[in-house]
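An overview of the molecular structure
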Amino acid sequence: MVEVCYNTQAAVDDQHKLVVATHTINRNDRNALSAIALEAKENLKANKFTLLADKGYNNAREIEACQQNDLKTIVAQQELVNSNPKGTTKEYLVDKFKYNKKNDTYTCPEGQTLSTFGTWHIKKRDDKISYQYKKYRTPECKNCPVKYLCTGKAKGGREIERSQYAESVERNNKNYSQNQTLYRKRQK
Ligand code: SF4
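Residues numbered from 1 in each chain as written. Predicted model: local features only at pLDDT ≥ 70, side-chain atom pairs only at ≥ 80, totals over all residues.

Notes on the environment of Pro145
Along the chain, Pro145 falls in the loop between β9 (130–136) and α3 (147–150). The exposed category is assigned to Pro145, around which 7 C-beta atoms lie within 10 Å. (Helix = DSSP H or I, 4+ residues; strand = E, 2+ residues; numbered from the N terminus. Buried ≥ 20, exposed ≤ 12 C-beta atoms within 10 Å, placed from the backbone.)

If you want it as structure tokens, here you go:
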């Protein structure tokens, strides 16, 4: 038996409503953004442009690849969900932790500082593509009165992971939140 799956991608220029790049691939949208965006860039002979894409294209590695090629990404954010009802509550999801670039630390909602040993770990995804991340922790979790809201772990404290693509993702998320009117053009 032979099973063939194809996925057609197209990029449309907002000004003239013209298709500026198109191709057919055998992978899903989550792994498709940079290829079609860079094809559009090449076809347009453009040095830079703003790229709008829906959340189905939200993939950190792809977002970084676009930004490294001078594209301003506005890719809709995936909604953070709590997959474990006995674990982290909404108020303590990772987006409530503030990253401090200067010190390479996070500040948690209770004001404690989570730091890292700086070791890069490798993570494998279902699609076999790995990425690197660092872990951030604080010993203060053991004394925290709201630990039960922050982590479902009986032993140990909360751990935040920061991927090698985090800076690009944060830049994209800022673009997305600051350019909602522009992003809505994607939905028309
Ligand atoms: S459990 Fe730890 S990370 Fe979570 S709020 Fe308390 S001190 Fe902060």
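Concerning the packing of helix α2 (residues 60–67) against helix α4 (residues 166–178)
Look at α2 against α4: their axes get within 9 Å of each other, and the N-to-C directions meet at 80°. It follows that α2 is roughly perpendicular to α4 by the angle criterion. Contacts between α2 and α4 pair Ala60, Ile63, Glu64 and Gln67 from the former with Ser168, Val169, Arg171 and Asn172 from the latter. Of the residues assigned to the contact of α2 with α4, the class counts are three nonpolar, three polar and two charged. (Axes fitted to C-alpha atoms, helices over the stretch in contact; angles between N-to-C directions. Parallel < 35°, antiparallel > 145°, perpendicular 65-115°, else oblique. Contact = placed C-beta atoms within 7 Å. Nonpolar A, V, L, I, M, F, W, Y, C, P; charged D, E, K, R; others polar.)

What to know about the sheet that holds strand β8 (residues 121–124)
One open sheet accounts for three strands, arranged β8-β9-β10; its pairing is antiparallel. Of all the strands in the sheet, the pair left with one neighbour each is β8 and β10 (160–163). When the angles between neighbouring strand axes are averaged without regard to direction, this sheet yields 45°. (Pairing = 2+ DSSP bridges.)

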